[in-house]
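Chains, contacts and geometry: an overview
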Amino acid sequence: MAASTADVEGITGLLKDHLSKVGFEIYSLKVGWYNSILPPSLRLAHRDDSLAVVVLSTPAMFEQAFLPFLEERGCQGLSDPIDQCVKRCVSSAVSQCFPGQEVDVRYDYEMLPSRKPKFLAQTAAHVSGAAFYYQQSDVRDQPWAEKKMFGVCVHPRFGGWFAIRALLVFGGVTVGSEMQQPVPPDCVPSREGRIQLLEAFNFHWQDWSYRDVVPPVQIYSQKQKDYFSTPPAQRFALLKTWGFLPRDGDRPDTPPDTRSQAAGHG
């Protein structure tokens, strides 16, 4: 289906109606914007004019979606509670908004058989205009010699207090030239600021300071900070102290995900 601007707004509007009330944001993009800056091995196997949507979680998601999810599920058989909460929220929205439609849903924690991620979350956020992806190449006269510095996205309202959770590709919806690629807000325009951001993210990510590179309108609650500061293998024990008691045999068979903050997981 060839989609007009109104059609795109209708699709994103439906998702926003379902997901914004539980702490998520929605941004649209064309697959071609994403594919054009990546090597063939990392591109999406969809037409360049296909419509896609990237889903972000805001600080509100923890209290509006995650804790109610735990109340309902009681940690039953969850490999990673946050991942399962996000999957439930997104899949429920897709099934209710687009029954019978072709929607390729990819989550930030999913890997291909090649061990490559199913999508590059920060790249998707950047090309959609949701958040600026600051990389080592964005710093003039780099002070790190040959050292590899991982990049990080900054949201114009939340700074680093957000996460990129999913990419939805509407394979049956194509968009034309009337859909123009937005430029993500450059919240850290100076060389010095970018150096400070990347060093805080790469060397001191546990102290949360990189997230405050711009004044955020909202940050994680103390309870949310406590959760994400806890090593993944110990989070079930933490949830137990909060009253979410996993039943015997409900622990995951494999160790919980141990990805770093560089994956945008928290």
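Think of each chain on its own: its residues are numbered from 1, step by step along the sequence as written. It should be noted that, the model being predicted, local features are given only for residues of pLDDT at least 70 and side-chain atom pairs only at 80 or more, the latter also being counted only at that level, while totals for whole chains, interfaces and linings use all residues. Excluded from the side-chain calculation are hydrogens and water; included are all heavy atoms of the structure.

This brings us to the overall build of the protein. For the protein, the helix and strand inventory stands at eight helices and seven strands. The classification of residues rests on relative accessible area computed with a 1.4 Å probe and restricted to protein chains. Under 20% of the type maximum is buried, over 50% is exposed, and intermediate values are partly exposed. Expressed as a percentage of the 266 residues in the protein, the buried residues total 50%. A sequence separation of at least 24 residues applies to 75% of the contacts in the protein between residues at least 6 apart. To measure how exposed things are, a 1.4 Å probe is used in the Shrake-Rupley method; for residues, cover is taken only from the protein chains shown. If you sum the accessible surface of the protein, you get close to 12,600 Å²; carbon and sulfur atoms cover 50% of it. By the criteria applied, helices consist of DSSP H or I runs no shorter than four residues and strands consist of E runs no shorter than two, each listed in order from the N terminus. By definition, residues are in contact when any of their heavy atoms lie within 4.5 Å.

For the rest of this paragraph, the subject is unusual backbone geometry. The backbone of Arg115 sits at a positive phi, close to 75 degrees, despite the residue not being glycine. Of the residues examined, Arg115 reaches a relative accessible area of 60% and is grouped as exposed. Look at Ala145: it is not a glycine, yet its phi comes out positive at around 55 degrees. Note that Ala145 resides in the loop between strand 5 (132–134) and strand 6 (152–154).

Now for the pairing of strand 3 (residues 50–57). Within strand 3, eight of the eight residues are buried, leaving the element largely enclosed by the surrounding structure. When DSSP finds at least two bridges between two strands, those strands are taken to pair. Inspection of the sheet shows strand 2 (residues 24–30) paired to strand 3 by seven bridges, in the antiparallel sense. Paired with Glu25 across the two strands is Leu56, which belongs to strand 3. Bridge count for strand 3 against strand 7 (residues 163–175) is eight bridges, and the pairing is antiparallel. Residue Val54 lies in a different strand from strand 7, and its bridge partner there is Leu167.

What follows is about the packing of helix 3 (residues 61–73) against helix 4 (residues 81–97). Lines fitted to C-alpha atoms define the axes, with helix axes restricted to the stretch in contact, and inter-axis angles between N-to-C directions lie between 0 and 180 degrees. The N-to-C vectors of helix 3 and helix 4 enclose an angle of 100 degrees; their axes lie 10 Å apart at closest approach. Classified by the angle their axes make, helix 3 and helix 4 are roughly perpendicular. Contact residues: Met61, Phe62, Ala65, Phe66, Phe69, Leu70, Glu72 and Arg73 in helix 3; Pro81, Ile82, Gln84, Cys85, Arg88 and Cys89 in helix 4. Residues are grouped as follows: Ala, Val, Leu, Ile, Met, Phe, Trp, Tyr, Cys and Pro are nonpolar; Asp, Glu, Lys and Arg are charged; every other residue, Gly included, is polar. Its residues assigned to classes, the contact of helix 3 with helix 4 shows 10 nonpolar, one polar and three charged. Should an angle lie under 35 degrees it is considered roughly parallel, over 145 roughly antiparallel, and from 65 to 115 roughly perpendicular; all remaining angles are considered oblique.

You can see Ser95 is positioned in helix 4. Any N or O atom pair separated by 3.5 Å or less is treated as a polar contact, with the protein-specific requirement of one donor-capable and one acceptor-capable atom, and with residues adjacent in sequence counted only for side-chain atom pairs. Here the side chain of Ser95 touches Ser92 through a polar contact of 3.0 Å, landing on its backbone oxygen.

Turning next to the nonpolar core. As used in this record, nonpolar core signifies buried Ala, Val, Leu, Ile, Met, Phe, Trp, Tyr and Cys residues forming a set joined through side-chain atoms within 4.5 Å. Leu168 and Phe170 are the most contacted members of the largest nonpolar core, which totals 66 residues. Aside from chain neighbours lying at most four places away, what touches Leu168 is Leu15, Leu51, Ala52, Val53, Val55, Val90, Val94, Val103, Asp104 and Val105. Tyr134, Trp144, Leu197 and Phe201 belong to the second-largest nonpolar core, a separate cluster that totals 15 residues.

What follows covers the pattern of salt bridges. Two side chains of opposite charge can pair, provided their charged atoms sit close to one another. Only one rule defines a salt bridge in this text: a Lys or Arg side-chain nitrogen within 4 Å of an Asp or Glu carboxyl oxygen. In the structure shown here, the tally under the stated rule is six salt bridges. Linking Arg47 and Asp49 is a salt bridge whose minimum nitrogen-to-oxygen distance equals 2.7 Å. The salt bridge partner of Asp104 is Arg106, with a shortest N-O separation of 2.9 Å.

What counts as a ring pair is set by centres within 6.5 Å for rings of Phe, Tyr and Trp (its six-membered ring), and what kind of pair is set by the plane angle: stacked under 30 degrees, edge-to-face over 60, tilted for all other angles. Per the counting criterion, the structure on display carries 15 aromatic pairs. Centre to centre, the rings of Phe62 and Phe66 are 5.1 Å apart; their planes meet at 45 degrees, and the pair counts as tilted. Placement of the pair is Phe62 and Phe66 together in helix 3, with a separation of four residues, close to one helical turn. Per residue, the accessibility class of Phe62 equals that of Phe66, and both read buried. Joined through ring pairs, the aromatic side chains of Phe62, Phe66, Trp161, Trp208, Tyr220, Tyr227, Phe228 and Trp242 make up one cluster. Over the ring of Trp161 we find Arg211; its NZ or CZ atom is 5.4 Å from the centre of that ring. When the NZ atom of lysine or the CZ atom of arginine is within 6 Å of a ring's centre and also within 35 degrees of its normal, the charge is said to sit over that ring. A cation over a ring is seen here: Lys223 above Trp242, with NZ or CZ 4.8 Å from the ring centre.

Our focus in this paragraph is the packing of helix 3 against helix 7 (residues 222–229). Two numbers describe how helix 3 lies on helix 7: the axes approach to 10 Å, and their chain directions differ by 65 degrees. The two elements helix 3 and helix 7 meet at a crossing, and its hand is left-handed. Residues Phe62, Glu63, Phe66 and Leu67 of helix 3 lie in contact with helix 7, whose contacting residues are Lys223, Gln224, Tyr227 and Phe228. The class makeup of the residues in the contact of helix 3 with helix 7 is five nonpolar, one polar and two charged. Take the far helix as the reference: if the near one is turned anticlockwise from it by less than a right angle, the crossing is left-handed, and if turned clockwise, right-handed.

Atom-level detail of predicted coordinates should not be read off regions where pLDDT is low. Scored from 0 to 100, pLDDT records how confident the predictor is in each individual residue. Averaged over every residue, the pLDDT of the protein is 90; residues scoring 70 or more account for 89%. Residue range residues 251–264 is modelled with pLDDT below 50. Its contacts to residues more than four positions away, or to other chains, number 30 contacts.

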